[in-house]
Amino acid sequence: MGAFPSDAQRAAARVLVVGDVMLDRYWFGEVHRISPEAPVPVVHVSRSEDRLGGAANVARNAAALGARVTLVGVVGDDESGRVIARLCEGDGVIADLVTDAAVPTTMKMRVLGRQQQLLRVDFEQYPTRGVLAELAARVAVHLADHDVVVFSDYAKGVLTEVQDLIALARARGAVVLVDPKGDDYSRYRGATLVTPNQSEMREAVGRWRDEAQLTERAQHLRTALDLDALLVTRSEHGMTLYTAEGRDHVDAQAREVFDVSGAGDTVIATLAVMRAAGLDLHTAMRWANLAGGIVVGKLGTSIVTPAELRAGVAA
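Residues numbered from 1 in each chain as written. Predicted model: local features only at pLDDT ≥ 70, side-chain atom pairs only at ≥ 80, totals over all residues. Heavy atoms only, no water.

(A) Spotlight on the packing of aromatic side chains. Per the counting criterion, the structure on display carries three aromatic pairs. Ring plane angle 65° and centroid distance 4.9 Å describe the contact between Phe4 and Trp287, whose orientation is recorded as edge-to-face. In this pair, Phe4 sits in the segment before α1 (7–12) while Trp287 sits in helix α9 (residues 281–295), placing the two residues 283 residues apart along the sequence. Each member of the pair Phe4 and Trp287 is classed as buried. Between Tyr26 and Phe28, the aromatic rings sit 6.0 Å apart at their centres with planes inclined by 15°, giving stacked as the arrangement. Its relative accessible area of 2% is what places Tyr26 among the buried residues. Seen from the ring of Tyr26, Arg51 lies directly overhead, with NZ or CZ sitting 5.0 Å from the centre. (Phe/Tyr/Trp six-rings, centres within 6.5 Å; stacked < 30°, edge-to-face > 60°. Helix = DSSP H or I, 4+ residues; strand = E, 2+ residues; numbered from the N terminus. Buried < 20%, exposed > 50% of the residue type's maximum accessible area, 1.4 Å probe, protein only. Lys NZ or Arg CZ within 6 Å of the ring centre and 35° of its normal.)

Quick look at the structure:
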């Protein structure tokens, strides 16, 4: 596994997170009857909770591990955007959010009955072009003060010009990690590491018949995109890292899975903090694998603490 970075090492880690910021809103209640209007459950809402989602959840996870974290993203001029700013402050994230008055803040609202998700309602709209130029300008300013940059792509439009941002970050000497979306990975050319999950990898390279073919396709993709490494996260099958030196695999931690939402955010945030704290990619992957195994045992978008990671190794 390798030694867990000290408090001082993690406090010195400087991580910049850029991407699709969103608010995760949860309505919790009980279901006692079916509506007479339609065959749907009636949820009596007893409480609500707001959490940082998307790129903001990546930033929140990195801050929870003790790093100094700056978040750059886009919000609307609305209540959800103000909630995100307030939550970032509470979670120790430095939020430099560009306000786009023409669009709403991206929000996912989930309705749960007895801890089971019954419905999700999404509010989202692509940001305007001028706002993206402002975002790029802010990223350029922050690069001088950060060692690792995470681009968190949820296909909400904020990273439309991500290739230019990657080139800028690499030119400044930053380690660039990308959580991708879609099947056009040429947008991520030149990054240090791209972290598709198993489903996203199939979109990018097609289905594979065995591990040998997956390795061949992964290495071809890594070389074609001029990446230092490609990390495929594989749920219950663990994680596989592909570099110029070859293939490195780690099995999943055997834990009960309660909710996988936000697990990818936790994984890439842990990778970022471990790399910024001086760990190599192979060791960082193992800590990220442990963090992913812990967070899927929690409800909704959640964090993993240093204490939980240390306890996970001890267990």
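(B) Geometry of the side chain of Thr106. Summarising the element assignment, Thr106 is placed in the loop between β5 (93–100) and β6 (107–113). Apart from residues no more than four positions distant in its own chain, Thr106 is found in contact with Val21, Met22, Leu23, Phe123, Glu124 and Lys156. (Contact = heavy atoms within 4.5 Å.)

(C) Looking closely at the pairing of strand β4 (residues 68–76). For β4, the buried fraction is high: eight of the nine residues fall into the buried class. Here five bridges tie strand β1 (residues 14–19) to β4, and the two strands are oriented parallel to one another. The residue of β4 that forms the bridge with Leu16 is Thr70. Of the pairings in the sheet, the one linking β4 to β5 comprises eight bridges and is parallel in character. (Pairing = 2+ DSSP bridges.)

(D) Spatial organisation of the packing of helix α2 (residues 55–64) against helix α8 (residues 263–276). For the pair α2 and α8, interaxial distance at closest approach is 8 Å and the crossing angle is 50°. Taken together, the axis directions place α2 and α8 in an arrangement best described as oblique. Every pair of crossing elements has a handedness; the one defined by α2 and α8 is right-handed. Facing Asn57, Val58, Asn61 and Ala62 of α2, the residues of α8 in contact are Asp265, Thr266, Ile268, Ala269 and Val273. For the contact of α2 with α8, the per-class residue count stands at five nonpolar, three polar and one charged. (Axes fitted to C-alpha atoms, helices over the stretch in contact; angles between N-to-C directions. Parallel < 35°, antiparallel > 145°, perpendicular 65-115°, else oblique. Left-handed = near helix turned anticlockwise from the far one by under 90°. Nonpolar A, V, L, I, M, F, W, Y, C, P; charged D, E, K, R; others polar.)

(E) The arrangement of the pattern of salt bridges in detail. Taken as a whole and assessed by the stated rule, the structure comprises 23 salt bridges. Close ionic contact of Asp122 with Arg120 constitutes a salt bridge, the shortest N to O distance being 2.7 Å. By relative accessible area, Arg120 is classed as partly exposed at 39%. Asp228 is the salt-bridge partner of Arg170, the closest N and O atoms lying 4.0 Å from each other. Here Asp228 lies in the loop between α7 (211–224) and β11 (229–233) and Arg170 lies in helix α5 (residues 162–171), a separation of 58 residues in the sequence. Residue classification places Arg170 among the partly exposed residues on the basis of a relative accessible area of 31%. (Salt bridge = Lys/Arg side-chain N within 4 Å of Asp/Glu carboxyl O.)

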